[in-house]
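In case you want the letters, here they are:
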Amino acid sequence: MGVREALLALVFFGNAALAQPVLLQIRPHIGDTLRMHLSQTVDMTGTTRGARTDSTRSMTTSIEVFTRAIAQQWTSNGTLMQTITDSVAMNPASAASLADLRRRTMQAKRVWMRVSTDGAMELVDDSDANSELRHIFGEMPAVLSRSPVSVGDKWTREMQIPLSSEPGAVGAVRATFQLDSLGRNGDVAYISMRGTMSRINTPGAAPAGPGYGTAGQLAGTIQIDRRLGWITDSKSSIIVRSSIATNPSKKGEAERAPMQVRTKITQWIRVMRKR
């Protein structure tokens, strides 16, 4: 066999290997320390239709969070991991907002989580059922297929996420994921995601009144390092449009048109390095 034939054989067998179904799992190596950076921006724009002019207000906030996740033990239900929030920054910054943010993220507190192979996360050592940490991590559902997939395959997940604009309210998400490609001889999986969201009524949340509605779309990408056993890059964008009925400002005045609120949440999570 000549050099040309050998190269063609390598290309053929390499492509054949990448065409085989792969099992995508979150399963970090015990002892690894994954240092992660979360960046999130929330843009909110509200417009009230008026008889003569429209009134529009907007607000933008951003959060930067640096954390460590240390894989401690494999179990039948997933990997036990100890997470530590090292630093938090918020813009615009104020004494009140930073204090509230530190309270919500429990900065510097060591927390135990269980991460299942399909990506779902849950707290395992927080005795406070109403704590912010339980609310945050309890809303991270499974995103990966439980069976092997080939490039081009799709799978659908239904999940619930909290609505940042409505405390206690929950949105129902139906997302479709697709394995777009494999890189580095199959070691890196590139996944895309698209879905829709709608508001659902849950116990404890104020019911949506007449003239109120919430709907949204989400899109994103996920990159999994199969050797590392972890999501090393995740980018997502959620656009939520809400219609909020407004009450008349004066007695006897006709009811005004609903206020239209557009919320865009852009989030990027990446692994900076591992030990």
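Calculation criteria
- Residues numbered from 1 in each chain as written.
- Predicted model: local features only at pLDDT ≥ 70, side-chain atom pairs only at ≥ 80, totals over all residues.
- Heavy atoms only, no water.
- Helix = DSSP H or I, 4+ residues; strand = E, 2+ residues; numbered from the N terminus.
- Buried < 20%, exposed > 50% of the residue type's maximum accessible area, 1.4 Å probe, protein only.
- Contact = heavy atoms within 4.5 Å.
- Salt bridge = Lys/Arg side-chain N within 4 Å of Asp/Glu carboxyl O.
- Pairing = 2+ DSSP bridges.

A. Region of the structure containing the side chain of Thr-232. Inspection of the secondary structure assignment puts Thr-232 in strand S10 (residues 230-244). What makes Thr-232 buried here is its relative accessible area of 14%. Those residues in contact with Thr-232 that lie beyond four places of it in its chain are Gln-223, Asp-225, Ile-269, Arg-270 and Val-271.

B. Representation of the pattern of salt bridges in the model. Going through the model one piece at a time under the given rule, you end up with 7 salt bridges. Residue Asp-86 is joined to Arg-68 by a salt bridge in which the shortest nitrogen-to-oxygen separation is 2.7 Å. Taken as a pair, Asp-86 in strand S3 (residues 78-91) and Arg-68 in strand S2 (residues 55-75) lie far apart in primary sequence, 18 residues in all. A relative accessible area of 21% means that Arg-68 is categorised as partly exposed. Of the charged contacts, one joins Arg-146 and Asp-118 as a salt bridge, the two residues approaching to 3.1 Å between their closest N and O atoms. Of this pair, Arg-146 sits in the loop between helix H3 (132-137) and strand S6 (154-162) while Asp-118 is found in the loop between strand S4 (110-115) and strand S5 (121-123), placing the two residues 28 residues apart along the sequence.

C. Region of interest: the pairing of S3. One ladder, built from 13 bridges, connects S2 with S3; its direction is antiparallel. Within S3, the residue paired with Trp-74 across the bridge is Thr-79.

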